[in-house]
Amino acid sequence: MPTLSKQTNIAGAIASIRVAENLLTQQIRAATDTLTAIKLTNEYHNLDSYLSQLLHAQNSADDASFADATAALQSQASGLEADQAAIRAIVGDVQTAASIVNYITQALTLIAKL
Amino acid sequence: MRPLQLIAILGAAVGMSACSTGLTQMQDTVTKFDQAAHSTATAQMSLFHQVQAAECSRDFYAQAFQFATAQKDQKSDKYPVVPLDLTPSCTPQELTDAQLRIRQKLMDTITLYADAIQALASGTDDATLSKNSQSLAGNIQGLAKQQGFTAVTSTDAAALNAAVVTITSLILDHTKYKEVKEAASSVQPDLTIVVAQLKAENLSDAAGLASKAGSVTNDFHTALLSAREQRGPASFLDIAQAHMALPSIVAAPPDVTPLNATLDALVAANQALARASNGGALPEVSDLVSRAQQAVTLFNSSK
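Residues numbered from 1 in each chain as written. Chains lettered and ligands numbered in written order. Predicted model: local features only at pLDDT ≥ 70, side-chain atom pairs only at ≥ 80, totals over all residues. Heavy atoms only, no water.

Another point: the interface of chain A and chain B. Contacts between the two partners involve 33 residues from chain A and, on the opposite side, 40 residues from chain B. Between chain A and chain B, roughly 2,900 Å² of surface is buried when both sides are summed, and carbon and sulfur atoms account for 53% of that area. Inspection of the region where chain A meets chain B yields 20 residue pairs in polar contact (both at pLDDT 80 or more). When residues of the side of chain A that touches chain B are traced back to their parent elements, those giving at least two are α1 (4-30) and α2 (34-59) of chain A. The biggest single contributor to the side of chain A that touches chain B is α2 of chain A, with 16 residues. (Contact = heavy atoms within 4.5 Å. Buried area = accessible area lost by both parts, 1.4 Å probe. Polar contact = N/O pair within 3.5 Å; in protein donor to acceptor, adjacent residues only side chain to side chain. Helix = DSSP H or I, 4+ residues; strand = E, 2+ residues; numbered from the N terminus.)

Residues other than glycine predominantly adopt negative phi, and peptide bonds predominantly adopt the trans conformation. Residue and element names in this part refer to chain B. For Asp77, which is not a glycine, the phi torsion comes out positive at approximately 60°. Mapping Asp77 onto the fold places it in the loop between α1 (3-68) and α2 (97-122). Positive phi outside glycine occurs at Gln147, with the angle close to 60°. With respect to the element layout, Gln147 can be found in the loop between α3 (131-145) and α4 (157-172).

On to a nonpolar patch on the surface, then. A cluster of nonpolar side chains, contributed by Phe67, Leu84 and Leu86 of chain B, occupies part of the molecular surface with about 300 Å² of accessible area. Tracing the sequence through the fold places Leu86 of chain B in the loop between α1 and α2. (Patch = residues over 30% accessible without salt bridge, like charges linked within 9 Å, V, L, I, M, F, W, Y side chains within 5 Å. Areas by Shrake-Rupley, 256 points an atom, 1.4 Å probe, with all protein chains shown as cover. Salt bridge = Lys/Arg side-chain N within 4 Å of Asp/Glu carboxyl O.)

Attention now moves to the side chain of Ser60 of chain A. Inspection of the secondary structure puts Ser60 of chain A in the loop between α2 and α3 (63-75). Classification of Ser60 of chain A by relative accessible area gives buried; the value is 0%. (Buried < 20%, exposed > 50% of the residue type's maximum accessible area, 1.4 Å probe, protein only.)

We now examine the packing of α4 of chain B against helix α5 (residues 180-231) of chain B. Residues and elements named next belong to chain B. It is the contact of α4 with α5, at a shortest axis distance of 9 Å, that shows an interaxial angle of 140°. On the basis of their axis angle, the class for α4 and α5 is oblique. Of the two possible hands of crossing, α4 and α5 adopt the one that is left-handed. The residues of α5 that touch α4, namely those facing Ala159, Leu160, Ala163, Val164, Thr166, Ile167 and Leu170, are Ala183, Ser186, Val187, Asp190, Leu191, Ile193, Val194 and Gln197. (Axes fitted to C-alpha atoms, helices over the stretch in contact; angles between N-to-C directions. Parallel < 35°, antiparallel > 145°, perpendicular 65-115°, else oblique. Left-handed = near helix turned anticlockwise from the far one by under 90°.)

So, about the nonpolar core. Core analysis: the largest hydrophobic core is formed by 67 residues, its most contacted members being Phe33, Ile110, Tyr113, Val194 and Leu273 of chain B. Put simply, the parts of the chain that give this core at least two residues each are α1, α2, α3, α4, α5, α7 (257-275) and α8 (282-301) of chain B. Looking at which element gives the most residues to this core, the answer is α1 of chain B, with 12 residues. Apart from residues no more than four positions distant in its own chain, Leu273 of chain B is found in contact with Met26, Thr29, Val30, Phe33, Ile117, Val180, Lys181, Ala184 and Ala281 of chain B. Counting residues in hydrophobic clusters, the runner-up holds 32 residues, among them Ile10, Ala57, Ile87 and Leu114 of chain A. (Core = buried A, V, L, I, M, F, W, Y, C linked by side-chain atoms within 4.5 Å.)

The next subject is α5 of chain B. In the structure, α5 of chain B departs most strongly from a straight axis at Gln188 of chain B, where the bend amounts to approximately 50° and where the proline Pro189 of chain B lies between one and four residues downstream. Among the residues trailing α5 of chain B, Gly232 of chain B stands out with phi positive, at a value near 60°. (Bend = angle between axes of the 7 residues up to and from the residue.)

Below, the discussion takes up the packing of α1 of chain A against α2 of chain A. Residue and element names in this part refer to chain A. Across the interface, α1 lies against α2 with an axial gap of 10 Å and an inter-helix angle of 160°. Relative to α2, the element α1 is oriented roughly antiparallel. Considering only the axes of α1 and α2, their crossing is left-handed. Its residues assigned to classes, the contact of α1 with α2 shows 16 nonpolar, five polar and four charged. (Nonpolar A, V, L, I, M, F, W, Y, C, P; charged D, E, K, R; others polar.)

Turning next to the state of the cysteines. All names here are of chain B. Throughout the structure, instances matching the rule amount to one disulfide over all chains. Across a sulfur-sulfur distance of 1.9 Å, Cys56 and Cys90 are joined as a disulfide pair. Judged by the sign of its S-S torsion, about -85°, the cystine formed by Cys56 and Cys90 is left-handed. Here Cys56 is found in helix α1, whereas its partner Cys90 is found in the loop between α1 and α2, with 34 residues between them in sequence. By relative accessible area, which is 22% here, Cys56 ends up partly exposed. The exposure class assigned to Cys90 is partly exposed, which follows from its relative accessible area of 35%. (Disulfide = S-S within 2.5 Å.)

Have a look at this one:
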C-alpha cells in the first residue's frame, strides 16, 4: 500500500505539472507563429500524458501496481528532461521558460523520491 | 369517569401522539438523508465517468493533432506515417475500470450506511436491507480488510480501510443499535474519513479534467492559427465551427466545489442525526438534500 509520504509526493508532482501546463497554455494562446504553437502544443501533450500516468499511480490500490506505475514514471525522467530543453528553446520569454522548467524539475525531484 | 382519570387518559394520549410524531419526523428525516446520500452518489459516479470519457477524448484529439501537424520530409517530400484511427476503442488507463470499481465501493459504503439507518428508523429488520446489499457490504468489508482502498493524500490508507470496516460492520449488523442517534454517532468519525478521501479524489480528478480540456482546446487554438495563416479572413468560419464543436467534444472541467460541499453536508447531516433525538436534524438534512439535488443537476448536465 503506498505510504502517505509517497502519496504526498505524487500529489505535489501533479500540482507542479499542472502549473507548468497552465504556463504553457498561456504561451500557446499568445503565439502568433503556427510552428511555435504546434511545438508548444506537442510539449503540452507530453506533460498531459505524464500527468495521466501520475493520476493513475495515485489511484493504485496495491503495492504491485503502484510499483509498476512509479517505475514507469521514473523511466520517463529523461523524456521530461528533453521536454525541459525543448521548452527552453521554444518559449521566447526567458523568465517564463525558466518557470516552466522549474516546475517540471520540482515534479521530477518528487518522482525520484517514490 | 372521574376527572382525574380523564386527565390521565388524555395525558397518555397526548404523550403517545407526541412520541408517534417524533418517530414519524425521525423516519421522514432519515428517509430524506438516505435519498440525498443516493443523489450524492449519483453525482459522484457521474464525475468518475467524466474522468474516463475525458481521457478517451483527449487521446483521440492528441492523435488527430499529430496526424494533422505532421511535417513533410524535405528530401522525400512525403509525410511520415502517423496513425489515425477515426473510430478508436478506448480503454481508460488513468482511471481504469478496476480503479473505478474500487471508488464506487467507497461511495456504496455511504449509501448502504444510509439505507441501514433508514431501516433502523423504520424499525424494520434486516429483511429491508436486501440480500444484494448485505452481500455488497460484505464484499466491501472484505476489500477493506485486505487494505484494498488507497488514500490519496488526505489521510492514512490504514485509517481509511479501518473506517470502511467500521461502517460496513454497522451495515451488516445495524440491528444491534436501538436508535438512529446511536448508530449515526458511532460512525461519524469513520464517515468523516471516507468523505475526506472522496473529496481529495475529486480535487485530483478536477486537475486531470482541466488538463485534458486544456489539451484539446490548445489543439483547436493552434489549428485555428494555421487556418488564419492559410485562409485569412475566411478562417472566421473555422473559428465559428470550432466554437460550436468544442463544447460537444470536451466538457468544461466541472467545478468540484459544490460536490465536495455536498459531501461535507452529508457529514454535517449525520452529525446532526447523532445529536438529535427526533426530527431535530431536519435543517442539516434539508441542506444536504438541496446540495445533493444541485450536484446531480450540475454533474449530469456537464457529462
